[in-house]
Amino acid sequence: MNAPQAAPRIAGLLWVPVAWLGVSLLSASVMVVLYFIALFSHAQPGAADSALYSPQWYLSLVTTLGMWLFTGWTLRLLLTRSSRFPKIFILWLLASVLLAIKTFAFSPVSDELALKVLLWPMLAAAVLVPFIKRSMRVKQTFIR
């Protein structure tokens, strides 16, 4: 009888997406904590009202929470070797690039800082999308 073969383990260059998602999850977690600290310090009596807590600020909070959840879910798909991971990871990279473009276009930061923010997601997408789409290792690990 044929014994069922297990999918190959995550190894080699597949650790690059694991590391990228892990660092992204960590940075999104820090941002969520900072947003909640600011939100709860604002909710205290006697806190000064400022334009910081505008609808755009709350939209940024929701966006950060959404990216935190999306990053965690994508990392879970990778670690469980789900067959949905390659497509979801490419969508996650696209969302990261779109958020970086939003920062570049709409945030009141210097162009130099915005370009630094835009550089890493663009570089990651340029390297990781072809790897995810063409790698035999990815196909053997995630597509059963």
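In this numbering scheme, every chain counts its residues from 1 along its sequence in written order. The predicted nature of this model means local features are confined to residues of pLDDT at least 70 and side-chain atom pairs, given and counted, to a pLDDT of 80 or more, with totals for whole chains, interfaces and linings taken over all residues. Excluded from the side-chain calculation are hydrogens and water; included are all heavy atoms of the structure.

A. Up close: the overall build of the protein chain. Put simply, DSSP H or I for four residues or longer makes a helix, DSSP E for two residues or longer makes a strand, and each gets a number counted from the N terminus. In terms of regular secondary structure, the protein chain is built from five helices and zero strands. Counting from the amino terminus, helix and strand elements in the protein chain follow one another as α-α-α-α-α. Each residue is placed in one exposure class: buried if its accessible area under a 1.4 Å probe, protein chains only, is under 20% of its type's maximum, exposed if it is over 50%, and partly exposed if it falls in between. Looking at the protein chain as a whole, 32% of its 144 residues qualify as buried. Pairs of residues are marked as contacts when any of their non-hydrogen atoms sit within 4.5 Å. Considering only residue pairs separated by 6 or more positions, the protein chain has 69% of its internal contacts joining residues 24 or more positions apart. In the structure as shown, the protein chain presents an accessible area of about 9,600 Å², 71% of it carried by carbon and sulfur atoms. With residues, only the protein chains shown are counted as cover, and all accessible areas are computed by Shrake-Rupley using a 1.4 Å probe.

B. View of the nonpolar core. Nonpolar core, defined: a set of buried Ala, Val, Leu, Ile, Met, Phe, Trp, Tyr and Cys residues in which side-chain atoms within 4.5 Å join the residues together. If you look at the biggest cluster of nonpolar residues, it comprises 21 residues, and the most contacted ones within it are Leu21, Leu78, Phe85, Phe89 and Leu93. Only helix H1 (15-42), helix H2 (55-79), helix H3 (85-106), helix H4 (111-134) and helix H5 (136-142) provide two or more residues apiece to this core. Ignoring any residue separated from it by four or fewer positions in sequence, one finds Leu21 in contact with Thr71, Thr74, Leu75, Leu78, Phe85, Phe89 and Trp92. Ranked by size, the runner-up nonpolar core spans five residues in total, among them Tyr35, Leu39, Trp57 and Leu61.

C. Inspection of the pattern of salt bridges at higher detail. For this document, the term salt bridge refers to a Lys or Arg side-chain nitrogen within 4 Å of an Asp or Glu carboxyl oxygen. Per the counting criterion, the structure on display carries one salt bridge. Among the ionic pairs, Glu112 bridges to Lys116, the shortest N-O distance being 3.8 Å. With Glu112 and Lys116 both in helix H4 and four residues apart, the pair spans about one turn of that helix. Accessibility expressed as a relative area gives 57% for Glu112, which makes it exposed.

D. Examining the packing of H3 against H4 more closely. With their axes 9 Å apart at the nearest point, H3 and H4 run at an angle of 165° to one another. Here H4 runs roughly antiparallel to H3, going by the angle between their axes. Handedness of the H3/H4 crossing: left-handed. Ten residue types, Ala, Val, Leu, Ile, Met, Phe, Trp, Tyr, Cys and Pro, are classed as nonpolar, four, Asp, Glu, Lys and Arg, as charged, and the remainder, Gly among them, as polar. Each residue belonging to the contact of H3 with H4 can be placed in one class, and the counts come to 20 nonpolar, two polar and two charged. All axes are obtained by fitting lines to C-alpha atoms, using only the stretch in contact for helices, and the reported angles, taken between N-to-C directions, cover 0 to 180 degrees. These descriptions rest on fixed angle ranges, namely under 35 degrees for roughly parallel, over 145 for roughly antiparallel, 65 to 115 for roughly perpendicular, and the rest for oblique. Rotating anticlockwise by less than a right angle from the far helix to the near helix defines a left-handed crossing, while the corresponding clockwise rotation defines a right-handed one.

E. How the structure looks around H2. The terminal C-alpha atoms of H2, which comprises 25 residues, lie 36 Å apart, in line with the 36 Å expected from a rise of 1.5 Å per residue. What H2 keeps buried is the set Trp57, Leu61, Thr64, Met67, Thr71, Thr74, Leu75, Leu77 and Leu78. Immediately downstream of H2, the backbone of Arg81 shows phi near 55°, a positive value. Here the expected span of a helix is defined as 1.5 Å times the quantity of residues minus one.

F. Geometry of the confidence of the model for the protein chain. Known as pLDDT, the predictor's confidence for each residue is given on a scale from 0 to 100. Of the residues in the protein chain, 86% reach a pLDDT of 70 or more, and the chain-wide mean stands at 84. Confidence, expressed as mean pLDDT per element, reaches its minimum in the protein chain at H5 with 84 and its maximum at H2 with 92.

G. Seen up close, the environment of Leu93. Considering the arrangement of structural elements, one finds Leu93 in helix H3. Judged by its relative accessible area of 1%, Leu93 falls in the buried class. For the pair Leu93 and Ala124, spaced 31 residues apart in sequence, the C-alpha to C-alpha distance is 7.5 Å. Dropping the residues within four chain positions of it, Leu93 is found in contact with Trp20, Ala124, Ala125, Leu128 and Val129.

H. Quick peek at a nonpolar patch on the surface. On the surface, a nonpolar cluster with roughly 560 Å² of combined accessible area is contributed by Leu26, Val30, Met31, Val33, Leu34 and Ile37. Turning to its location among the elements, Val30 is positioned in helix H1. The residues that make up patches have over 30% relative accessible area and no salt bridge, and they are joined within 9 Å when like-charged or within 5 Å when they are Val, Leu, Ile, Met, Phe, Trp or Tyr.

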